[in-house]
Amino acid sequence: QANPIETLINQLAEKRQAAQKFADSITAFRTEVKNFENKTELFEKQYPDDAPRFRQQLDTMKQLLSFREGRYKQVQAELKNFASAIDRAKAMWDMSQAAQQMNKLAGRQASDTFEQIKTDVAVDSVMRSVNKAFSEMETSLMDNPEVKQAQQQAVANAPHAPGLDAANPAQLPSKQQ
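Here's what I pulled together on the structure shown here. Computed from a predicted structure; not experimentally measured.

As for the overall build of the protein
If you tally the helices and strands in the protein, you get five helices and zero strands. For the protein, the succession of helices and strands along the chain, N to C, is α-α-α-α-α. In the protein, which comprises 177 residues, the proportion classed as buried is 31%. Excluding contacts between residues fewer than 6 apart, the proportion of contacts in the protein whose partners are at least 24 apart in sequence is 73%. Just so you have it, the protein exposes about 11400 Å², and 51% of that area is on carbon and sulfur atoms.

If you want it as structure tokens, here you go:
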């Protein structure tokens, strides 16, 4: 009989890989936030009257960073739960295989073992929880007001053109992430 636990292990590996990509994007974003913070501090010393608009943008980016880090922690917790459920399912699978062998030698046949294990371990429920955490992370990033504001204000590296007011994001070009 094929080992269905391997499928779960592969799903976990895929989810961990996706989580690592998200972690890498957080690291890159954190670096840019820190770079912008350094520039903002220097700018504030030279041009204190013009600095508030950039300080406000920096504060928004810090909120967004914190939000993303929180979502990542949630995903990590769900992945840990899924890994634990897989470990338990694997142990139960191994025991059921031994029991089936014993029953076969005794002349008895068991029912579909893996379906019973999935029910006992609640693997499907844990997997739904993992998928939900990933979906919430992705959806909330798209719908998050800070993300939308950040997209509108993402002109930190663009030269300031006369007539454009950085405090009015409606006039600013937006960058796609």
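Remarks on the nonpolar core
Within the largest apolar cluster, 14 residues are counted, with the highest numbers of intra-cluster contacts made by I5, L12, V75, L79, F82, I86 and F134. For this core, the elements supplying multiple residues, two or more each, are α1 (5–46), α2 (51–106) and α4 (123–143). Counting residues per element, this core draws most heavily on α2, which supplies seven residues. Ranked by size, the runner-up nonpolar core spans nine residues in total, among them V33, F36, L64 and L65.

Description of the packing of aromatic side chains
Applying the stated criterion to the full structure yields three aromatic pairs. With a centroid separation of 5.1 Å and an interplanar angle of 40 degrees, the aromatic rings of F43 and Y47 are classed as tilted. Measuring from centroid to centroid gives 5.1 Å for F43 and F54, while their planes differ by 75 degrees, and the two rings are edge-to-face. Taken together, the residues span a long stretch of sequence, with F43 in helix α1 and F54 in helix α2 at a distance of eleven residues. Judged by its relative accessible area of 21%, F54 falls in the partly exposed class. By the ring-pair criterion, three or more aromatic residues cluster together here, those being F43, Y47 and F54.

So, how was this worked out
Residues numbered from 1 in each chain as written. Predicted model: local features only at pLDDT ≥ 70, side-chain atom pairs only at ≥ 80, totals over all residues. Heavy atoms only, no water. Helix = DSSP H or I, 4+ residues; strand = E, 2+ residues; numbered from the N terminus. Buried < 20%, exposed > 50% of the residue type's maximum accessible area, 1.4 Å probe, protein only. Contact = heavy atoms within 4.5 Å. Areas by Shrake-Rupley, 256 points an atom, 1.4 Å probe, with all protein chains shown as cover. Core = buried A, V, L, I, M, F, W, Y, C linked by side-chain atoms within 4.5 Å. Phe/Tyr/Trp six-rings, centres within 6.5 Å; stacked < 30°, edge-to-face > 60°.

Remember that the coordinates give geometry; whether it matters functionally is a separate question.
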